[in-house]
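# Coordinate inspection notes
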Amino acid sequence: MSARPAAAASAFEPARHADEAAMITPLDELREGREILRTEGQALLDLSRRLDASFCAAVEYLSNTRGAVIVTGIGKAGLIGQKITATLCSTGSRAYFLHPTEALHGDLGCVGPDDVILAFSNSGETAELLALLPIFEARGIPVVSVTASPVSTLGRASQVVVTMGRLHECGVQGLAPSTSTTAMLAIGDALAFVTCKRRSFSARDFARLHPAGTLGRRLTVVSEVMRKAQDVRIALETTSVRNVFIGQSRPGRRTGAVMLVDEEGLLTGIFTDSDLARLLEQKRDEQLDAPIRNVMTSRPTTISPTMLLEEVLQLFAERRLSEFPVVDESGHPVGLVDITDMIGLTPLETAAPVDPSGAGREHSPRDSASPHTITFPARTAGHSPDTKPSA
């Protein structure tokens, strides 16, 4: 193990402690770091077991308010409050953070009569926060507090108290807020997410609040990003393979598949560029002038225009296919999603290599049944339901 550099004395530490600090080994640091994580983790487990009906009452206040959730706190508790404000906003609750000191200098104007206060304070005795309580009471604004003791000044002034209990702070002499702020953060998240569930806030609602970046795209619905029917190749299943490819050129970057329909315009199959290459490699030239339905993949896996891209990404990973036809409720093709459109959006934890040749599909004679649409989650054992005639 390499020698450790001597720790420099800080402006707040006497120089005589430098040699003492230099004697702490990496193993000591690792042991202490693990102990801090265990202490905070155990505190959360204990807190989860102590959670009671007051938590449900707090959720009721937050979810039923006709106004906004006004989150407040000062110091480290205030920083936790700012994070919980952001979480509430992103999960469908109108929320604002109110700094107690700024509130006493005009920011109280953001608090309306239909709002509810969510206050964070470990001690429940923070002077700046306590100064606001008579104002809230006079205006009839309910207070939900997250604090150590229900008999603290803050606890007694609250309509609901989510009690953390007395927690042992980690670190040097247990002085700096650590375990208590971890508990506040966890309780705040629990309040926000359970409130979100009570309001029936869906993934699509979440997508509307996160339109930017990769997350926003993954939560976008298929209809907003698919290649529209007029931009993809669609042909009658009775057309020959040769004529399908001769008569189906499209401007721009083309997809790797042709969707096949019957006389009523209903999707009956799909034929890919890889399928064409396979015919040529196997020297089955006679098939080029036969109806394409003889060699197409019947009953292909399809998706709905209202499906989320997040769901489609998982389907790409599970089915290992290169494209999915998009069909309406009656089975008419309205677009196509190609794997190349998903570049940069594939979740690393579920990504699987895509087999553009279609290998791995079950091969069987053409089934006359209509195509089926997968509704997420689409998990099947064994082979894909896609079927293709044998050579």
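See the structure shown above.
One structure accompanies this document, and this report is about it. Predicted, not measured: the structure shown is a model, and the values here were computed from it.

What counts, and at which threshold
- Residues numbered from 1 in each chain as written.
- Predicted model: local features only at pLDDT ≥ 70, side-chain atom pairs only at ≥ 80, totals over all residues.
- Heavy atoms only, no water.
- Helix = DSSP H or I, 4+ residues; strand = E, 2+ residues; numbered from the N terminus.
- Buried < 20%, exposed > 50% of the residue type's maximum accessible area, 1.4 Å probe, protein only.
- Contact = heavy atoms within 4.5 Å.
- Pairing = 2+ DSSP bridges.
- Axes fitted to C-alpha atoms, helices over the stretch in contact; angles between N-to-C directions.
- Parallel < 35°, antiparallel > 145°, perpendicular 65-115°, else oblique.
- Left-handed = near helix turned anticlockwise from the far one by under 90°.
- Nonpolar A, V, L, I, M, F, W, Y, C, P; charged D, E, K, R; others polar.
- Salt bridge = Lys/Arg side-chain N within 4 Å of Asp/Glu carboxyl O.
- Phe/Tyr/Trp six-rings, centres within 6.5 Å; stacked < 30°, edge-to-face > 60°.
- Expected span 1.5 Å × (residues − 1).

This part covers the overall build of the chain. Secondary structure summary: the chain contains 14 helices and 14 strands in total. For the chain, with 391 residues in total, the buried portion stands at 43%. Counting contacts in the chain only where the partners sit at least 6 residues apart, residues at least 24 apart contribute 70% of the total.

Here strand 7 (residues 233-236) shows one buried face, formed by Arg233 and Ala235, and one open face, formed by Ile234 and Leu236. Summarising the sheet, strand 7 and strand 8 (residues 257-261) pair through four bridges and their orientation is parallel. For leucine 236, the partnering residue across the bridge sits in strand 8 and is valine 261.

Strand order in the open sheet made by the five strands is 2-1-3-4-5, with parallel pairing throughout. Here the strands that pair on one side only, and so sit at the sheet edges, are strand 2 (95-98) and strand 5 (160-163). The average angle at which neighbouring strand axes cross in this sheet is 20 degrees, direction not considered. Sheet contacts for helix 3 (residues 53-64): strand 1 (69-72), strand 3 (116-120), strand 4 (143-147) and strand 5; angle to strand 5, the most-contacted strand, approximately 130 degrees.

Right, let's get into the sheet that holds strand 11 (residues 323-327). Strand order across the open sheet formed by three strands is 6-12-11, with antiparallel pairing between neighbours. Across the chains shown, the open sheet's two edge strands, defined by having one partner strand only, are strand 6 (227-228) and strand 11. As paired elements, strand 11 and strand 12 (residues 333-338) share five bridges and run antiparallel to each other. Pairing of phenylalanine 324 across the sheet is with valine 337, part of strand 12. Running at roughly 130 degrees to strand 11, helix 14 (residues 309-319) makes contact with strand 11 and strand 12 of the sheet.

On to the packing of helix 2 (residues 26-50) against helix 9 (residues 179-198). Angle between the axes and distance between the axes: these two values describe a pair of packed helices. Interhelical geometry of helix 2 versus helix 9 gives an angle of 45 degrees and a closest axis separation of 10 Å. Between helix 2 and helix 9, the angle falls in the class oblique. Helix 2 and helix 9 meet at a crossing whose hand is right-handed. Here Thr39, Glu40, Ala43, Leu44 and Leu47 of helix 2 lie close against helix 9, whose contacting residues are Thr179, Thr182, Ala183, Ala186 and Ile187. Considering only residue class, the contact of helix 2 with helix 9 consists of six nonpolar, three polar and one charged.

This structure, assessed with the given rule, holds eight salt bridges. In this structure, the salt-bridge partner of aspartate 46 is arginine 49, at a minimum N-O distance of 2.6 Å. One end of the pair, aspartate 46, and the other, arginine 49, are both in helix 2, three residues apart, so they sit about a helical turn from each other. Note that arginine 233 is salt-bridged to aspartate 273, the shortest N-O span being 3.1 Å. Note that arginine 233 is positioned in strand 7 and aspartate 273 in helix 13 (residues 273-281), a separation of 40 residues in sequence. A relative accessible area of 24% places aspartate 273 in the partly exposed class.

This structure, assessed with the given rule, holds two aromatic pairs. Consider the rings of phenylalanine 245 and phenylalanine 271, whose centres lie 5.9 Å apart with planes at 75 degrees: the pair is edge-to-face. Taken together, the residues phenylalanine 245 in helix 12 (residues 241-246) and phenylalanine 271 in strand 9 (residues 267-272) connect sequence positions 26 residues apart. Under the relative-accessibility criterion, phenylalanine 271 is labelled buried at 0%. Ring plane angle 45 degrees and centroid distance 4.7 Å describe the contact between phenylalanine 316 and phenylalanine 324, whose orientation is recorded as tilted.

Let's shift gears to unusual backbone geometry. Of all residues except glycine, most have a negative phi; of all peptide bonds, most are trans. Phi is positive for arginine 299, close to 50 degrees, though the residue is something other than glycine. On the secondary structure map, arginine 299 appears in the loop between strand 10 (297-298) and helix 14. We note that arginine 320 has phi near 55 degrees; this positive angle belongs to a residue other than glycine. Looking at where arginine 320 falls in the secondary structure, it is placed in the loop between helix 14 and strand 11. Its relative accessible area of 40% is what places arginine 320 among the partly exposed residues.

Turn by turn, an α-helix covers 3.6 residues, leaving residues three or four places apart pointing in a common direction. Spanning twelve residues, helix 3 covers 17 Å between terminal C-alpha atoms, matching the ideal 16 Å at 1.5 Å per step. Here helix 3 has its buried residues at Ser54, Phe55, Ala58, Val59, Leu62 and Ser63. Where helix 3 is buried, its residues meet strand 1, strand 3, strand 4, strand 5 and helix 9.

Okay, the packing of helix 3 against helix 9 next. Across the interface, helix 3 lies against helix 9 with an axial gap of 9 Å and an inter-helix angle of 60 degrees. Here helix 9 runs oblique to helix 3, going by the angle between their axes. Two packed elements cross with a definite hand, and for helix 3 against helix 9 that hand is right-handed. Where helix 3 approaches helix 9, its residues Phe55, Cys56, Ala58, Val59, Glu60, Leu62, Ser63 and Asn64 are matched on the opposing element by Ile187, Ala190, Leu191, Val194, Thr195 and Arg198. Among the residues making up the contact of helix 3 with helix 9, the classes are represented as nine nonpolar, three polar and two charged.

On the secondary structure map, leucine 260 appears in strand 8. Look past the residues within four positions of leucine 260 in its chain and what remains in contact with it is Ala235, Leu236, Glu237, Leu266, Leu267, Thr268, Gly269, Ile270, Phe271, Ile292 and Met296.

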